[in-house]
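Inside the fold
The lines below spell out each chain.
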Amino acid sequence: MAPQNNSFGPFVVKDCALVAVATGKKAQNLRELRDNLTTIHPGCIYYHFWGGLLRPRFDDPQFNNDFAIWSHYALHDDTLAERLAVIDPTDFQDLESLRTELTEIVEQRLEEVSWPEWVRPDRQFQFIRSQIVVFDTGIKVEIPEQLAEIVPRMSVGSIFYHFIDARRRTVQGLDDFRLWIEGFDEPLLELCDQLATVDPYFVTLKELRGKLATVLNCHFRRPVS
């Protein structure tokens with residue numbers, strides 16, 4: 001029997017887009033990058049790690065965040081680029097702890113190089129702040145089993161909003177799917193555990209949607225399309 005009586009009501013499917021907001025802050029070398037990292041708005045950290053998922057990407061996919069991309073293509077410092085590329089923002093409790101890790105890696109690299117490389121003015125790192133715009137899709141889900149039908153049809157913006165951005169929005173640090181499922185009188189704890197194992201960072205949003213669909217379909221024993 002499907003669980004009933006969710007304290008949150010139906011699952012309301014939202015869509016979203018990240019709007020890029022220029023800050024005017026720039027870095028032309030590694031020292032300037034370090035100095036800006038200590039003071040920029042946390043929304044910049046968020047945008048430069050997560051924003052690439054929602055915008056067209058033509059860079060080397062091995063570099064998952066804008067800091068690593070800039071280190072590779074502008075500074076030509078592959079040592080730094082590789083160190084930055086392996087940072088998984090989901091490993092950090094909040095953006096401030098992620099900022100600390102990022103700053104420490106850059107400071108360590110500054111200690112290793114004799115003189116920080118300067119880039120051309122047109123290759124400066126431009127610090128961008130993100131602002132999320134949310135849309136209502138009109139779709140509502142009443143029971144968890146319906147997620148197996150709805151998730152494969154969700155837009156990548158919906159996947160981003162409910163599985164990634166939710167971790168920043170919710171007090172518990174959970175994605176919206178788990179938070180909603182846990183609100184039932186008889187929560188599906190096994191399903192929540194399975195969803196918790198899905199890492200949203202080192203994949204595209206389409207791949208992430210596929211992973212979530214597989215977890216849901218397998219749990220509810222539905223054929224995977």
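Further up the page is the structure itself.
Since the model is a prediction, treat every value here as computed from it, not as a measurement.

1. Considering unusual backbone geometry
- A positive phi angle is found at His 76, which is not glycine, with a value near 55°.
- As for its placement among the helices and strands, His 76 is situated in the loop between α3 (66-73) and α4 (78-85).

2. So, the side chain of Gln 28
- Counting through the fold element by element, Gln 28 comes out in the loop between β1 (11-27) and α1 (30-37).
- Of the polar contacts made by the side chain of Gln 28, one reaches the backbone oxygen of Val 119; its length is 2.9 Å.
- With residues near it in sequence (within four places) discarded, Gln 28 still touches Trp 70, Glu 117, Trp 118, Val 119, Arg 120, Pro 121 and Gln 124.

3. Overview of the packing of aromatic side chains
- Inspection of the entire model under this criterion finds 12 aromatic pairs.
- Between the aromatic rings of Phe 67 and Phe 125, the centroid separation amounts to 5.1 Å while the plane-to-plane angle is 10°, which identifies the pairing as stacked. Residue Phe 67 is found in helix α3, and its partner Phe 125 is found in strand β2 (residues 125-141); the two are separated by 58 residues along the sequence.
- Here the aromatic cluster, defined as three or more aromatic residues joined through ring pairs, consists of Phe 49, Trp 50, Phe 67, Trp 70, Phe 125, Phe 127, Tyr 201 and Phe 202.
- If you follow Arg 168 out to its NZ or CZ, it ends over the ring of Tyr 46, 5.0 Å from the centre.
- The ring of Tyr 161 has Arg 169 sitting right over it, with the charged end atom 3.9 Å from the ring centre.

4. Notes on the environment of Asp 91
- Relative to the assigned elements, Asp 91 resides in the loop between α4 and α5 (95-112).
- Along the primary structure Asp 91 and Trp 70 are separated by 21 residues, whereas in three dimensions their C-alpha atoms are 22 Å apart.

5. What about the packing of α1 against α5?
- One way to put it is that α1 packs onto α5 with a least axis distance of 10 Å and a crossing angle of 155°. Considering their axes alone, α1 and α5 lie roughly antiparallel with respect to each other. When the axes of α1 and α5 are compared, the crossing they make is left-handed. Two secondary-structure elements touch here, α1 through Leu 30, Arg 31, Leu 33, Arg 34 and Leu 37 and α5 through Arg 99, Leu 102, Thr 103, Val 106, Glu 107, Arg 109 and Leu 110.
- Residue classes in the contact of α1 with α5 are distributed as 6 nonpolar, 1 polar and 5 charged.

6. Digging into the pattern of salt bridges
- Under the definition given, this model contains 11 salt bridges.
- Arg 99 is the partner of Glu 96 in a salt bridge, and the nearest nitrogen-oxygen pair spans 3.0 Å. Of the two residues, Glu 96 and Arg 99 are both situated in helix α5; the distance of 3 residues between them amounts to about one turn of the helix.
- Residue classification places Glu 96 among the partly exposed residues on the basis of a relative accessible area of 40%.
- Overall, Arg 99 belongs to the buried group, its relative accessible area being 8%.
- Notably, a salt bridge pairs Asp 176 with Arg 169, separated by 2.8 Å at the nearest N-O pair.
- Judged by its relative accessible area of 12%, Asp 176 is buried.
- One salt-bridge network, in which partners are shared between bridges, spans Asp 77, Arg 83, Arg 109 and Glu 112.

7. Here we look at the packing of α4 against α5
- Interaxial distance between α4 and α5 falls to 10 Å at its minimum, and their mutual angle equals 160°. With respect to α5, the element α4 is oriented roughly antiparallel. Considering the relative orientation of α4 and α5, their crossing is right-handed. Of the residues in α5, those in contact with Thr 79, Leu 80, Arg 83 and Leu 84 of α4 are Leu 102, Ile 105, Gln 108, Arg 109 and Glu 112.
- Class assignment of the residues belonging to the contact of α4 with α5 gives a composition of 4 nonpolar, 2 polar and 3 charged.

Rules behind the numbers
- Residues numbered from 1 in each chain as written.
- Predicted model: local features only at pLDDT ≥ 70, side-chain atom pairs only at ≥ 80, totals over all residues.
- Heavy atoms only, no water.
- Helix = DSSP H or I, 4+ residues; strand = E, 2+ residues; numbered from the N terminus.
- Polar contact = N/O pair within 3.5 Å; in protein donor to acceptor, adjacent residues only side chain to side chain.
- Contact = heavy atoms within 4.5 Å.
- Phe/Tyr/Trp six-rings, centres within 6.5 Å; stacked < 30°, edge-to-face > 60°.
- Lys NZ or Arg CZ within 6 Å of the ring centre and 35° of its normal.
- Axes fitted to C-alpha atoms, helices over the stretch in contact; angles between N-to-C directions.
- Parallel < 35°, antiparallel > 145°, perpendicular 65-115°, else oblique.
- Left-handed = near helix turned anticlockwise from the far one by under 90°.
- Nonpolar A, V, L, I, M, F, W, Y, C, P; charged D, E, K, R; others polar.
- Salt bridge = Lys/Arg side-chain N within 4 Å of Asp/Glu carboxyl O.
- Buried < 20%, exposed > 50% of the residue type's maximum accessible area, 1.4 Å probe, protein only.

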